[in-house]
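One letter stands for each residue in the lines below.
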Amino acid sequence: MNAARVLLYALLRMALSFAFILLTCFILTVWAGNKRAAIATGAGNVLLSDSLLKQRMQNEGQELPATFVSLIPLAALRHLPDSNSWEWWVPCLRFNPENRFKNWLLGNAKRGESRGVLQLNFGKSVVSGQAVNHLLPKALHVSFQLGCFSFIILIFSFPFFLSTFLRFSTGIFLNVSYQLALIFSCIPAFVLASLGQFLLANRAILQVFPIGGLPTKSTFADLALHFGLPSLLLSTEVLAYLSLIGISVIRQQAHSFLITALKARGLNKGLISFVHLLRLSLPVLIYHCILLLPLLFLGHPIIEYAFSLPGLGSLVVSASLARDYPIVLAVVCLQGLATVFCMKLASAWLWWAGRNNREASL
Amino acid sequence: MKLRLKAIARVVLFFWVLLGVLAPFLANSSPLVVVQNGHLQFPFLSNRFEQISIELSSVLLWPPIRYAATDLDVMNSNYVHPLAKQIDANGNSLPNGKRHWLGTGKLGQDVLAGMVWGCRQSLWVAGIGTGVALLLGLLLGGLAGLLPMITFRTSYFSFTLSTLVLFLGMFYSMKTLPQLHYSPIAGIGTILLAIAISCFLLVKPIGRVRLFTFETDALFDAFAQWFVALPKLILLIALVAIARLNGFQIGLLLGFFFWPAIGLTTRSSFNRIRETDYFRATRVLGLPFSRQLFLHAMPNTKQVVFSASVTVFVAVVLLEASLSFLGLQADADYVSWGSLLNQARENFAAWWVFVPPGAGLFSFIWAAKWISETGKSF
């Protein structure tokens, strides 16, 4: 009996919480709808009957809000033939299924728009008139190419840096490396880009790379030439950040109890560094690597803008300047989703990596 | 070595802050002090030099840089090298007092004046952003750290009634969803909803049923994580370009984006303090919450909060510079280090346009980061 009561109580609490959340959303939507109606009709926050509200909003060239509260004559509720014969008016929740914001969010099957923004249909670009869902993959392709080149540079360079840090895990070398990493992490991306263009894409000094833009031919050599400098700068930025994290973690772990005990036992220095120290430092490094994935593969606005690459980053900059809201919304949604996904993935990784410690403590 | 670097970082940061604060005294087209009719006047305070006629002989003191950031020297436009010949309207060489010591930009803007005013702009935006982040972070982080759970209670009667009536009300209100015509059940639904809300509002701190425990800490954590997950640069680009924000509004927005950095630090610090003996003693003594917060908890978090604030300061400076580099500032007269670098993109041969602001931005960020990482306090 007691268990049933507890269960009922728990169910009721859950239901109440759920209902409360729904109700809050309702109230907010209705409040917003009424506010819009009040602004359009100039009627303040007073409630108007459906017909009067509709009439006034049509006169103003506005449409009815998606959700609002309006007055309905009690006679209509009671299905009386003459609605003016009764003086009581009851406030009721009203819904307008033809509202354009609702259509934009959820689509309208009657109008042939089966999907809305919530179903990832972002509509058409205001500037070019093309469907956003067609523009995004093109830009994403360029950003992804840039990310791949940067990733290749990182794959070759970071293990070298990491092994050097592990080899000299204490002493002045690590301090100097830390200072260098700090200096590189302090140079903003646009300064780095300008500096790179000035030094390596300048006819007056050294023109190794083109100053920007996409290759005309699609050969790998041409691609590498055009993406070389931006990917080099992007990977430099990422590498500086990862080096800072790596040095901090290695420095911290090098003084941990386990490493001190292994050193005291006289284990081979290489074994301590490249097996035990690496095993202790790797989870945090991988965590930060996962967090950096959206920055690498989903476009860096500044690098892409500086090198005139038509990726996602420069797409959002140009769309923002032209007030092309559908594109801006789509890119923000995509970046947000990717960031959240990577954060969750990184947290899951950290949780998985720490399972041994948890089991040991249990 | 560490201490020496810290001292250098302090000097560098102090230099830039001083430069930003004293920008109107250092780079201005109006004189600092003028004697007119036997009275001392300070035209630079009101920029009245153009409006009132002042004889040049009456000027007592000029600023060291006789150009403001937005002044255009047409005679020396199109990227004049710092060491090249600079001419006035009559074709004569400019005197030393009126020289452009770091050259000029495309339209004849003085690069040194741009540096000084750009520093002021960055400091202004970063100051506002850090202030807002500090305020929100301390408030929310402190609340989550000191009061991790707040429980609300109600009576059995109102709890059961509100649950049932709320569901019924919502059910009947939903019935009006498909079309927009009068429906008797819509009215019933609305009335039931009103009753449910009234019952629900009978929440009180004591009662037999624990209605809900407001988990401040968990809520704060979720909220902060959500803010951390925001793609800040992309979102800022969109918001700044669409809403055409000015420097003050950008600062406010950045502060709103960066409060979790300070909030999470404050929360963890307060969590530690909450368990200490001296803080428990303040509770046993029955001190008011505000006294516990401001006199006993906050002074012990100042070091970590300082470090987090400097990190936020650096991030805000960087983002503001990035936005102005992309040319997203609302005002055409908005001069910042980022906008100077944006100008430099048009002509890479003019190294004097992008090296000074680049070096300035780098040294400023390096100094702040170094102090943040090593110092914990000045």
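Reading the values: the criteria
Residues numbered from 1 in each chain as written. Chains lettered and ligands numbered in written order. Predicted model: local features only at pLDDT ≥ 70, side-chain atom pairs only at ≥ 80, totals over all residues. Heavy atoms only, no water. Helix = DSSP H or I, 4+ residues; strand = E, 2+ residues; numbered from the N terminus. Buried < 20%, exposed > 50% of the residue type's maximum accessible area, 1.4 Å probe, protein only. Contact = heavy atoms within 4.5 Å. Areas by Shrake-Rupley, 256 points an atom, 1.4 Å probe, with all protein chains shown as cover. Salt bridge = Lys/Arg side-chain N within 4 Å of Asp/Glu carboxyl O. Axes fitted to C-alpha atoms, helices over the stretch in contact; angles between N-to-C directions. Parallel < 35°, antiparallel > 145°, perpendicular 65-115°, else oblique. Left-handed = near helix turned anticlockwise from the far one by under 90°. Nonpolar A, V, L, I, M, F, W, Y, C, P; charged D, E, K, R; others polar. Polar contact = N/O pair within 3.5 Å; in protein donor to acceptor, adjacent residues only side chain to side chain. Phe/Tyr/Trp six-rings, centres within 6.5 Å; stacked < 30°, edge-to-face > 60°. Lys NZ or Arg CZ within 6 Å of the ring centre and 35° of its normal. Pairing = 2+ DSSP bridges. pLDDT = per-residue confidence, 0-100. Patch = residues over 30% accessible without salt bridge, like charges linked within 9 Å, V, L, I, M, F, W, Y side chains within 5 Å.

### Some points on the overall build of chain B
Link 1 in the chain: Regarding its fold elements, chain B presents 14 helices and five strands.
Link 2 in the chain: Counting over 378 residues, chain B shows a buried share of 48%.
Link 3 in the chain: Contacts in chain B between residues at least 24 apart in sequence constitute 71% of all its contacts with a sequence separation of at least 6.

### Observations regarding the overall build of chain A
Link 1 in the chain: Assigned secondary structure in chain A consists of 14 helices and four strands.
Link 2 in the chain: With 362 residues in all, chain A has 44% of them scored as buried.
Link 3 in the chain: Contacts spanning at least 24 positions in sequence make up 60% of the contacts within chain A whose residues lie at least 6 apart.
Link 4 in the chain: When the accessible area of chain A is evaluated, it comes to approximately 19600 Å², of which 68% is carbon and sulfur surface.

### Some words on the pattern of salt bridges
Residue and element names in this part refer to chain B.
Link 1 in the chain: By the definition in use, this model includes five salt bridges over all chains.
Link 2 in the chain: Salt-bridge contacts for aspartate 221 lead to arginine 267; the nearest nitrogen and oxygen are separated by 3.2 Å. Note that aspartate 221 is positioned in helix H7 (residues 216–229) and arginine 267 in helix H9 (residues 247–274), a separation of 46 residues in sequence.
Link 3 in the chain: Its relative accessible area of 28% is what places aspartate 221 among the partly exposed residues.
Link 4 in the chain: For arginine 267, a relative accessible area of 12% puts it in the buried group.
Link 5 in the chain: Across the pair aspartate 277 and arginine 280 runs a salt bridge whose closest N-O atoms are separated by 3.9 Å. Of this pair, aspartate 277 and arginine 280 both sit in helix H10 (residues 277–284), three residues apart, which is roughly one turn of the helix.
Link 6 in the chain: With a relative accessible area of 41%, arginine 280 lands in the partly exposed category.

### Observations regarding the packing of helix H5 (residues 132–167) of chain A against helix H8 (residues 220–254) of chain A
Residue and element names in this part refer to chain A.
Link 1 in the chain: At a closest axis distance of 6 Å, the pairing of H5 and H8 adopts a crossing angle of 40 degrees. Looking at the two axes, H5 sits oblique to H8. Like other packed secondary-structure pairs, H5 and H8 cross with a definite hand, here right-handed.
Link 2 in the chain: Class assignment for the residues of the contact of H5 with H8 results in 22 nonpolar, six polar and no charged.

### Looking at helix H13 (residues 337–344) of chain B
All names here are of chain B.
Link 1 in the chain: Here H13 lies mainly inside the structure; seven of its eight residues are buried.
Link 2 in the chain: For H13, the set of buried residues is Trp337, Gly338, Ser339, Leu340, Leu341, Asn342 and Ala344.
Link 3 in the chain: The opening residue of H13, the one whose side-chain oxygen lies 3.2 Å from the backbone nitrogen of glycine 338, is serine 336.

### A closer look at the environment of alanine 89 of chain B
Link 1 in the chain: With respect to the secondary-structure elements, alanine 89 of chain B resides in the loop between strand S3 (59–61) and helix H4 (111–146).
Link 2 in the chain: As for alanine 89 of chain B and valine 74 of chain B, which are separated by 15 residues in sequence, their C-alpha atoms are 8.7 Å apart.

### Examining unusual backbone geometry
Link 1 in the chain: The phi dihedral of serine 308 of chain A falls on the positive side, at around 50 degrees, and the residue is not glycine.
Link 2 in the chain: Positionally, serine 308 of chain A belongs in the loop between helix H11 (301–306) and helix H12 (312–321).
Link 3 in the chain: With phi around 65 degrees, asparagine 78 of chain B is a residue other than glycine that occupies positive phi space.
Link 4 in the chain: Looking at the element boundaries, asparagine 78 of chain B is found in the loop between S3 and H4.

### Re the packing of aromatic side chains
Link 1 in the chain: The tally for this structure, following the rule as stated, stands at 22 aromatic pairs over all chains.
Link 2 in the chain: Note on phenylalanine 190 of chain A and phenylalanine 325 of chain B: the rings are 5.0 Å apart at their centroids and 20 degrees apart in plane angle, and the pair reads as stacked. Of this pair, phenylalanine 190 of chain A sits in helix H7 (residues 189–200) while phenylalanine 325 of chain B is found in helix H12 (residues 302–325), placing the two residues in two different chains.
Link 3 in the chain: Residue phenylalanine 190 of chain A is classed as buried on the basis of its relative accessible area of 0%.
Link 4 in the chain: The interplanar angle of 75 degrees and the centroid separation of 5.1 Å between the aromatic rings of phenylalanine 198 of chain A and phenylalanine 354 of chain B together place this pair among those described as edge-to-face. In this pair, phenylalanine 198 of chain A is assigned in helix H7 and phenylalanine 354 of chain B in helix H14 (residues 351–375), connecting two distinct chains. In this pair, the class of phenylalanine 198 of chain A matches that of phenylalanine 354 of chain B, namely buried.
Link 5 in the chain: Taken together, the aromatic side chains of Phe15, Trp16, Phe313, Trp337 and Phe364 of chain B make up a single cluster linked through ring pairs.
Link 6 in the chain: Here the basic side chain of arginine 251 of chain A rests over the ring of tyrosine 178 of chain A, its NZ or CZ set 5.0 Å away from the ring centre.
Link 7 in the chain: Over the ring of phenylalanine 258 of chain B we find lysine 232 of chain B, and its NZ or CZ is 5.6 Å from the ring centre.

### As for the pairing of strand S1 (residues 33–36) of chain B
All names here are of chain B.
Link 1 in the chain: Sheet topology note: the S1/strand S2 (residues 39–41) ladder contains three bridges and is antiparallel. Each residue of the ladder has a partner; that of glutamine 36, found in S2, is histidine 39.
Link 2 in the chain: Counting the residues that bridge the hairpin from S1 to S2 gives two residues, and of these asparagine 37 lies at a positive phi of roughly 55 degrees.

### Regarding the confidence of the model for chain B
Predicted coordinates in regions of low pLDDT should not be interpreted in detail.
Residue and element names in this part refer to chain B.
Link 1 in the chain: Per-residue pLDDT for chain B averages 80, and the proportion of residues at 70 or more is 84%.
Link 2 in the chain: Within chain B, the element-level pLDDT minimum falls on strand S5 (residues 209–214), averaging 67, and the maximum on H4, averaging 91.
Link 3 in the chain: As a predicted assembly, this complex carries a pTM of 0.77 together with an ipTM value of 0.73.

### Examining a nonpolar patch on the surface
Residue and element names in this part refer to chain B.
Link 1 in the chain: Among the surface-exposed residues, Phe14, Val17, Leu18, Val21, Leu22 and Phe25 lie close enough to one another that they form a single nonpolar patch of about 520 Å² accessible area.
Link 2 in the chain: At four residues, helix H1 (residues 2–21) tops the list of elements feeding residues into the nonpolar patch.
Link 3 in the chain: Structurally, phenylalanine 25 is set in helix H2 (residues 23–26).
Link 4 in the chain: The class for phenylalanine 25 is partly exposed, based on a relative accessible area of 39%.

### Overview of the environment of alanine 224 of chain A
Link 1 in the chain: Within the secondary structure layout, alanine 224 of chain A lies in helix H8.
Link 2 in the chain: Judged by relative accessible area, which is 25%, alanine 224 of chain A ranks as partly exposed.

### With respect to the side chain of glutamate 304 of chain A
Residues and elements named next belong to chain A.
Link 1 in the chain: Mapped onto the elements of the fold, glutamate 304 is located in helix H11.
Link 2 in the chain: Within the structure, the side chain of glutamate 304 is placed 2.9 Å from the side chain of serine 143, a separation counted as a polar contact.
Link 3 in the chain: In this structure glutamate 304 touches Ser143, Leu146, Gly299, Leu309, Gly311, Leu312, Gly313 and Ser314, once residues within four positions along its chain are discounted.

### A look at the environment of threonine 130 of chain B
Residue and element names in this part refer to chain B.
Link 1 in the chain: The topology assignment puts threonine 130 in helix H4.
Link 2 in the chain: In the structure, threonine 130 is positioned 180 residues away from valine 310 in sequence and 8.2 Å away in space, judged by C-alpha atoms.
Link 3 in the chain: When sequence neighbours within four positions are dropped, the list of residues in contact with threonine 130 reads Ser309, Val312 and Phe313.
Link 4 in the chain: A distance of 2.6 Å separates the side chain of threonine 130 from the backbone oxygen of alanine 126, its partner in a polar contact.

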